[in-house]
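So you can see what is in the structure, the chains are spelled out below.
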Amino acid sequence: MRRTALLVAVCFLIGADSLTGMDWGVSAGAGACLLRQQAVQDIYGTGFPVGVQGWTGGKNWRFSVGLEYLSEHGQALSLDGGADEFPLRLKVTSIPIVLYYQAWLKDVFLALGGGASYLWYEERWEDLDIITKGNNWGPVISFLGGYRFSPRWSVFGNVRYEPMPTGKSSLLVPEVKLGGLKLTAGILLSL
Amino acid sequence: MKPFRPLMILFFVAFLFALPRTVALIKISKGTPGLVDILKAHQTEVLQELGTCYLAKADRNELTSLRKNGLSVSVLDRDSGGKEYILVPILSPATLKAVSGLGHVLLVERSLHLFWTDGGDPLASLPSGIERKPLPRSSILPYLRTASTPEGLTLDLKFNDVIRTIIGGLSRDNLRAYVQSLEDYQTRYTSTPNCEAAGQFILNHFKSLGLEADFQPFTFGAGTATRNVVAEIRGQTDPEEIVIICAHYDSDSGEPEVHAPGADDNASGVAAVMEAARLLAGHPLDFTVRFIAFSAEEWGLYGSRHYSERARANSERIIGVLNLDMIAYAESLPEDLDVVVNDVSRWMAERTEQIAAAYTGLEVKKIVDASFIYSDHSPFWDRGYSAFCGIENAEVTNPYYHTPGDTIDTLNFSFFEAAAKTVLAALSDLAQPVRSGYPKTPGGLAAESSTYVSAFTAIKNVHLTWKEVSDAAGYNVYRSNFSRSGFVKVSASPVAAAGFTDRALKATSAYYYVVTAISAGGLESNFSREVESPSEPTRYEQAELGGGTLLTVWKWRWQ
């Protein structure tokens, strides 16, 4: 235990020392989540997540930690033509952590990265007392492109595959996945 | 030669692959969670359920796959092609030695041996007098159930004066007369003319009561022809719902061709069936009752096998089968009646226990044992029907069993009468005599469900409909998670119309419903027939396109 604590402290000091030489930034964006699992798509349609990210990195690499939120209304699917309506509400909060390799062409940057995302989700049948909650890890693959139009400001576009597996099965699928292909755009501020 | 060597190896490998796959007889031990689901997923050809295991057929690939799923599987016979296997009880050392000389004998579980021969008819090889059950001809997998009813679920037993009247009419003298008549045939060993004559006697009795009755002919073994005797009282509310009371009328002994009186085994059971027919003939019932005397039980349950296979093929809705086999010998007094059931049929034993306590006072001993397979209830178990075996002692204690000494003078008619009354009460309870002054039982109950899914959960609304009852002021709706037991009223107050929707239930659970009619004075009718709203199966096949990897998502979206 003591050895682990020592290791963590050393890493923190080294990390903190290296941070001083790096670029830092924050960004905010919004977008759409496409190509979702069929059942999720049919129930909730296209998702529109919003989020903020913190960025850091050097010349050829970039590291981001985000906080993303998705809240959607949907309707339960009838499997056999039933006429009743059951409104649903889905909320997903995730923290995607991605490491990128990036290249610059003058003021344009392109980056490809991978990482992991931790998500909390809650689905509620609004007229009934049925709530499903959970949390899970999932992979992230991301492609980022942007344009720096001033020393401090950039715009970016992000194409990210983030399946958001929940580890839970349903009647329709062996594992429910709340994510998909996310297209987001936003603005980035270098600090 | 050398240049051709790779080609020869290739041909040899191809030859090996082209060889027909042998199918083994295997034993799959119980105990693995979700075992039935695994077997269903593999479409395993299950032939027999026993207390501790299943017997099944599988080729090498299936065997490997079952083992990979963590099942404990052992091979009983490497090549099952064209063989008939027969289950026999544990044998005495002398009999075992004798039988071993006739074919293969293998211990399957504590109380059972498996017998087979490499050629010929194994049944013909077995000496008479040994209980036996050939393995079913087709897979019983479709009828295996995954869930069982919890122990001791409260049953709503309504005391019924009509049932008391019915059993009050049971005549000990009649029982004695029926047994004597059957014994007088000297032998009722199937294949003898006397057995066929005994069948005719039973048929005549049913016909004399004004029942619809007929023979059901069949052949078995090497073409031996015989016939079951089947009579019916048609139900008034839902005639397609059937309760069966049955007993085998053939007999066996050390000298079966000439002298097998079979008073206890099983003139006693047949006499109870005949008396039940006499007593119920005058009473209108909600559901149909069939009275069946089976033949060729002693040869290997062939009569009941034939009947149950046809019943399943015709999708008959059999509520329960009350099989009586040796119910008149008392080892010591007071004797109790053993009611042997498998897990699916446990409700029948529990119900009979309650019935006995309420109507006759006879002690009923419930025995849950899927390995108790040597009587006519067993083929019904194989086809997924609820059935019990009523017997004086599950471990046979009658010293005259399968001997020429099994005669009427060895029977205890006091116990016999109590046992017959108890079974008759249980039969009446299931068939539900119509009671005057009470509203009619709602008929034609049907259930349809609408299923709704979210990303994670699925619910269903179950829509119930039934035929309107003219003298009803309203209806009560009852629901249970288990068949035939544990019903709880769903509708807080009586429902006015002949329909009801039970909303927002868990779609992956099965639910069972019955309804009753309520009169203006508050009298409640008998329960309607039971309907099931089955659990929704997973639909992965249809939905899998959307799951999985980016590639599959891409394919699904753009193809």
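Shown above is the structure to which this text applies.
A quick note: this is a predicted structure, and the numbers were derived from the prediction, not measured.

Glancing now at the overall build of chain B. Along the backbone of chain B there are 16 helices and 23 strands. The C-alpha radius of gyration of chain B comes to 26 Å, within 12% of the 24 Å expected for a compact globule of 559 residues. Counting only C-alpha atoms, chain B reaches 90 × 65 × 35 Å along its principal axes. When the 559 residues of chain B are sorted by exposure, 55% land in the buried category.

Attention now goes to the overall build of chain A. Each helix and strand counted, chain A has two helices and nine strands in total. If you list the helices and strands of chain A from N to C, you get α-β-α-β-β-β-β-β-β-β-β. For chain A, with 191 residues in total, the buried portion stands at 42%. Sequence-distant contacts in chain A: of pairs separated by 6 or more residues, those separated by 24 or more amount to 58%.

This part covers the nonpolar core. In this structure, Phe206, Phe291, Leu322 and Leu427 of chain B are the most contacted members of the largest nonpolar core, which totals 72 residues. Counting residues in hydrophobic clusters, the runner-up holds 26 residues, among them Leu70, Ala76, Leu88 and Trp125 of chain A.

It is worth spelling out the environment of Asp184 of chain B at this point. Considering the arrangement of structural elements, one finds Asp184 of chain B in the loop between α7 (172-183) and α8 (193-208). Counting along the chain gives 90 residues from Asp184 of chain B to Ala94 of chain B, while the straight-line C-alpha distance between them is 33 Å.

Attention shifts here to the sheet that holds strand β13 (residues 317-324) of chain B. Residues and elements named next belong to chain B. The eight strands are arranged β9-β10-β12-β11-β13-β16-β14-β15 in an open sheet whose pairing can be described as mixed. Whereas interior strands pair on both sides, the edge strands pair on one side only; in this sheet they are β9 (212-220) and β15 (364-368). Taking each pair of neighbouring strands and ignoring which way they run, the sheet shows an average axis angle of 25°. Strand direction decides the pairing type here: strand β11 (residues 238-248) and β13, joined by six bridges, are parallel. In the sheet register, Ile242 faces β13, and the bridge partner there is Ile318. The strands touched by helix α11 (residues 302-313) are β9, β10 (224-233), β11, β12 (287-294) and β13; relative to β9, the strand with the most contacts, the crossing angle is about 110°.

Let's shift gears to unusual backbone geometry. Residue and element names in this part refer to chain B. Note the cis peptide between Asp265 and Asn266, where omega equals 5°. Examined against the element boundaries, Asn266 turns out to sit in helix α9 (residues 263-280). Unusually for a residue other than glycine, Ala296 sits at a positive phi of about 60°. When you line up the elements, Ala296 lands in the loop between β12 and α10 (297-300). The class for Ala296 is buried, based on a relative accessible area of 0%. For Leu301, which is not glycine, the phi torsion reads 60° and is therefore positive. Note that Leu301 resides in the loop between α10 and α11. Looking at Leu301, the relative accessible area reads 1%, which means it is buried.

On to the pattern of salt bridges, then. Within this structure, the stated rule accounts for 27 salt bridges over all chains. A salt bridge links Asp118 of chain B to Lys83 of chain B; the shortest N-O distance between them is 4.0 Å. Of this pair, Asp118 of chain B sits in the loop between β7 (112-116) and α5 (122-125) while Lys83 of chain B sits in the loop between β4 (73-77) and β5 (86-89), and the two are 35 residues apart along the sequence. A single network of salt bridges, built from pairs that share partners, joins Glu68, Arg160, Glu162 and Lys182 of chain A.

Residues and elements named next belong to chain B. Across the interface, helix α6 (residues 161-168) lies against helix α14 (residues 413-431) with an axial gap of 9 Å and an inter-helix angle of 145°. The hand of the α6/α14 crossing is right-handed. Residues Ile163, Ile166 and Ile167 of α6 pack against Lys421, Leu424, Ala425, Ser428 and Asp429 of α14. Grouping the constituent residues of the contact of α6 with α14 by class yields five nonpolar, one polar and two charged.

Quick look at the pairing of β10 of chain B now. Residues and elements named next belong to chain B. For β10, the buried fraction is high: seven of the 10 residues fall into the buried class. Judged from the nine bridges that link them, β9 and β10 form a sheet pairing that is antiparallel. Note that in β10 the partner of Glu212 across the bridge is Glu232. Connecting β9 to the antiparallel partner β10 that follows it, the hairpin turn spans three residues, and Gly221 within it adopts a positive phi of roughly 55°. As paired strands, β10 and β12 are joined by five bridges and run antiparallel to one another. From the neighbouring strand, Glu232 faces β12, where its bridge partner is Arg290.

What follows deals with the packing of aromatic side chains. Aromatic ring pairs are reported here in terms of the distance separating the ring centres and the angle at which the planes meet. All names here are of chain B. Applying the stated criterion across every chain yields a total of 24 aromatic pairs over all chains. Centre to centre, the rings of Tyr307 and Phe380 are 6.1 Å apart; their planes meet at 50°, and the pair counts as tilted. Of the two residues, Tyr307 is situated in helix α11 and Phe380 in helix α13 (residues 378-382); the sequence distance between them amounts to 73 residues. Classification of Tyr307 by relative accessible area gives buried; the value is 5%. Here the aromatic rings of Tyr478 and Phe527 are separated by 5.2 Å at their centres, their planes lie at 70°, and the arrangement is edge-to-face. Here Tyr478 is found in strand β19 (residues 474-480), whereas its partner Phe527 is found in the loop between β22 (511-518) and β23 (531-533), with 49 residues between them in sequence. What makes Phe527 buried here is its relative accessible area of 15%. Joined through ring pairs, the aromatic side chains of Tyr189, Phe218, Phe220, Trp299 and Tyr302 make up one cluster. Lying across the ring of Phe215, Arg227 places its NZ or CZ 3.7 Å from the centre. One cation-aromatic arrangement involves Arg435 over Tyr438; the distance from NZ or CZ to the ring centre is 3.9 Å.

To continue, consider the state of the cysteines. All names here are of chain B. The tally for this structure, following the rule as stated, stands at zero disulfides over all chains. Free of any disulfide, Cys246 has its nearest cysteine sulfur in Cys389, 8.8 Å distant. By relative accessible area, Cys246 is classed as buried at 0%.

What follows deals with the environment of Leu76 of chain B. With respect to the helices and strands, the residue Leu76 of chain B is situated in strand β4. For the pair Leu76 of chain B and Ser128 of chain B, spaced 52 residues apart in sequence, the C-alpha to C-alpha distance is 25 Å.

The rules behind these values
- Residues numbered from 1 in each chain as written.
- Chains lettered and ligands numbered in written order.
- Predicted model: local features only at pLDDT ≥ 70, side-chain atom pairs only at ≥ 80, totals over all residues.
- Heavy atoms only, no water.
- Helix = DSSP H or I, 4+ residues; strand = E, 2+ residues; numbered from the N terminus.
- Rg over C-alpha atoms; globule rule 2.2 N^0.38 Å.
- Buried < 20%, exposed > 50% of the residue type's maximum accessible area, 1.4 Å probe, protein only.
- Contact = heavy atoms within 4.5 Å.
- Core = buried A, V, L, I, M, F, W, Y, C linked by side-chain atoms within 4.5 Å.
- Pairing = 2+ DSSP bridges.
- Axes fitted to C-alpha atoms, helices over the stretch in contact; angles between N-to-C directions.
- Salt bridge = Lys/Arg side-chain N within 4 Å of Asp/Glu carboxyl O.
- Left-handed = near helix turned anticlockwise from the far one by under 90°.
- Nonpolar A, V, L, I, M, F, W, Y, C, P; charged D, E, K, R; others polar.
- Phe/Tyr/Trp six-rings, centres within 6.5 Å; stacked < 30°, edge-to-face > 60°.
- Lys NZ or Arg CZ within 6 Å of the ring centre and 35° of its normal.
- Disulfide = S-S within 2.5 Å.

Coordinates in, geometry out; function isn't part of it.
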